[in-house]
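Fold and geometry: a report
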Amino acid sequence: GANSNGAVTVTGENSVWESSVLTYIGFEGVGSLVIEDGGSVATTGIAGIGASPDSTGTVRVSGGGSAWTTAMLGIGGQGNGTLTVANGGRISVTGATFGLAFDVASSGTLNIGAASGETAQAAGAVDAASLTFGPGTGTLVFNHTGNPDGSDLVFSSSLSGSGTILQENGTTSLTGDNSGFTGTTTVSGG
């Protein structure tokens with residue numbers, strides 16, 4: 001709720017949080033979700049990070065075997081949302097909706113490895129057919145040291161809409177259909 005803080009950590013192999021219908025990380029207040037060390041979260045409905053106006057949500061999925069699977073995911077619905085996938089963590093969006101900054105006043109950031117300007121970390125994986133940038137401030141950050149096994153990162157989701165791509169560290173191959181992307185890309189490293 002308004003002026004509230006909520007935090008969930010799912011950590012360790014065989015630690016599982018299952019949620020149906022709606023899962024909001026930051027709805028009116030501030031919310032955080034950490035999935036680490038082999039923990040997993042499965043949401044069968046809509047998931048949102050920073051879902052409502054004036055809300056802030058942050059999610060970090062880090063470590064081999066750590067995973068978040070959801071049918072639909074919005075990062076920055078009407079508020080501010082950040083998702084970081086690092087060190088072999090994985091997010092999977094099984095439905096057609098996966099987007100950043102759905103509202104004009106919202107911001108949504110997807111960090112692969114680490115946030116912009118931070119020390120690069122090993123990449124995490126994103127399994128989604130497409131990623132759509134909405135009318136707000138959407139940013140996709142590649143700030144990584146490659147995959148945990150030392151291979152280069154392949155990002156295969158198609159990209160569309162207007163937003164910002166920042167390539168800061170690591171070798172990244174964009175292999176999806178990006179003809180619908182009308183934003184800006186800055187390569188400053190990697």
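Coordinates for the structure precede this section.
The notes below deal with the structure included here. (Residues numbered from 1 in each chain as written. Predicted model: local features only at pLDDT ≥ 70, side-chain atom pairs only at ≥ 80, totals over all residues. Heavy atoms only, no water.)

Description of the overall build of the protein chain
Along its length, the protein chain carries zero helices and 20 strands. Its C-alpha atoms give the protein chain a radius of gyration of 15 Å, within 12% of the compact-globule value 16 Å for 190 residues. Seen along its three principal axes, the alpha-carbon backbone of the protein chain occupies a region of about 40 × 40 × 30 Å. Look at the contacts in the protein chain between residues 6 or more apart in sequence, and 71% of them connect residues 24 or more apart. When the accessible surface of the protein chain is split by element, carbon and sulfur atoms take 50% of a total near 8100 Å². (Helix = DSSP H or I, 4+ residues; strand = E, 2+ residues; numbered from the N terminus. Rg over C-alpha atoms; globule rule 2.2 N^0.38 Å. Contact = heavy atoms within 4.5 Å. Areas by Shrake-Rupley, 256 points an atom, 1.4 Å probe, with all protein chains shown as cover.)

Let's talk about the environment of Thr43
Tracing the backbone shows Thr43 in strand 5 (residues 40-49). Overall, the relative accessible area of 5% leaves Thr43 in the buried class. In this structure the C-alpha to C-alpha distance between Thr43 and Met72, which are 29 residues apart in sequence, comes to 8.7 Å. In contact with Thr43, other than residues within four places in its own chain, are Ser19, Thr23, Trp68, Thr69, Thr70 and Ala71. Among the polar contacts listed, one links the side chain of Thr43 to the side chain of Thr70, at a separation of 2.5 Å. (Buried < 20%, exposed > 50% of the residue type's maximum accessible area, 1.4 Å probe, protein only. Polar contact = N/O pair within 3.5 Å; in protein donor to acceptor, adjacent residues only side chain to side chain.)

Remarks on the pairing of strand 4 (residues 30-36)
Across a regular strand the side chains alternate sides, sitting on one face of the sheet and then on the other. Burial of strand 4 is one-sided: the residues Gly31, Leu33 and Ile35 facing one way are buried, the residues Val30, Ser32, Val34 and Glu36 facing the other way are not. Note: strand 1 (residues 5-11) against strand 4, seven bridges, orientation parallel. Looking across to strand 4, one finds that Thr11 is bridged to Glu36. Relative to strand 6 (residues 56-62), strand 4 is paired through seven bridges, and the arrangement is parallel. (Pairing = 2+ DSSP bridges.)

Digging into the packing of aromatic side chains
For the structure shown, the criterion picks out three aromatic pairs. Ring geometry for Phe133 versus Phe181: centroids 5.3 Å apart, planes at 55°, classification tilted. Taken together, the residues Phe133 in strand 13 (residues 130-133) and Phe181 in strand 19 (residues 180-181) connect sequence positions 48 residues apart. Here Phe133 and Phe181 have matching classes, each one buried. (Phe/Tyr/Trp six-rings, centres within 6.5 Å; stacked < 30°, edge-to-face > 60°.)

Digging into the sheet that holds strand 1
With respect to topology, eight strands assemble into an open sheet ordered 1-4-6-8-11-14-17-20, the strand pairing being parallel. The open sheet has two edge strands, strand 1 and strand 20 (184-187), and neither has a second partner. The sheet shows a mean angle of 10° between the axes of neighbouring strands, direction not considered. (Axes fitted to C-alpha atoms, helices over the stretch in contact; angles between N-to-C directions.)

Topic: unusual backbone geometry
Positive phi, normally seen in glycine, also occurs at Val21, with a value near 70°. Residue position: Val21 is located in the loop between strand 2 (16-19) and strand 3 (22-25). The phi torsion at Ala101 lies on the positive side, around 55°, for a residue other than glycine. With respect to the helices, strands and loops of the structure, Ala101 is situated in the loop between strand 10 (98-100) and strand 11 (107-113). The exposure class assigned to Ala101 is buried, which follows from its relative accessible area of 0%.

Some details on the nonpolar core
The biggest cluster of nonpolar side chains holds 32 residues, and the ones touching the most others in it are Trp68, Leu73, Leu83, Phe98, Leu110 and Leu140. If sequence neighbours within four positions are ignored, Trp68 has contacts with Ile35, Val41, Thr43, Ala47, Ile49, Val59, Val61, Leu73, Leu83, Arg90, Ile91 and Ser92. (Core = buried A, V, L, I, M, F, W, Y, C linked by side-chain atoms within 4.5 Å.)

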